Amino acid sequence: MKPIVEFCISNIANGAQDSFEKLERDPNLDVLEYGCLSYCTKCSESLYALVNGEIVEADSPDELTKKVYEFIEENPLF
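Residues numbered from 1 in each chain as written. Predicted model: local features only at pLDDT ≥ 70, side-chain atom pairs only at ≥ 80, totals over all residues. Heavy atoms only, no water.

All right, on to the overall build of the protein then. The secondary structure content of the protein amounts to three helices and four strands. Listing the helices and strands of the protein from first to last along the sequence gives β-α-β-α-β-β-α. Seen along its three principal axes, the alpha-carbon backbone of the protein occupies a region of about 35 × 20 × 20 Å. For the protein, the residues scored as buried account for 37% of the 78 residues in total. Sequence separation of at least 24 residues holds for 60% of the intrachain contacts in the protein that already meet a minimum separation of 6. Summed over its atoms, the accessible surface of the protein is roughly 4,600 Å², and 48% of this surface lies on carbon and sulfur atoms. A gap of 3 Å separates the mean positions of the 6 positive and 16 negative side-chain charges of the protein. (Helix = DSSP H or I, 4+ residues; strand = E, 2+ residues; numbered from the N terminus. Buried < 20%, exposed > 50% of the residue type's maximum accessible area, 1.4 Å probe, protein only. Contact = heavy atoms within 4.5 Å. Areas by Shrake-Rupley, 256 points an atom, 1.4 Å probe, with all protein chains shown as cover. Lys, Arg positive; Asp, Glu negative; His and termini not counted. Charge placed at Lys NZ, Arg CZ, Asp CG, Glu CD.)

This is how it looks when you write it as structure tokens:
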């Protein structure tokens, strides 16, 4: 089972695009895009993704990508 990384389309448009694209190219991840993840306050304040259902936040796309990988490493599925 691959880790699941979910992005809100609004957050992608607000700056998470680079992170989304980098993570989407990783064959070891399932990266999904939704119209809304219902975290509107987080979405308007920072870049974020849901990783296996948990919020990971950052101030830049590169930092978000790094934090997603760190979260996955620190919280294995098995």
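Let's pick the thread back up.
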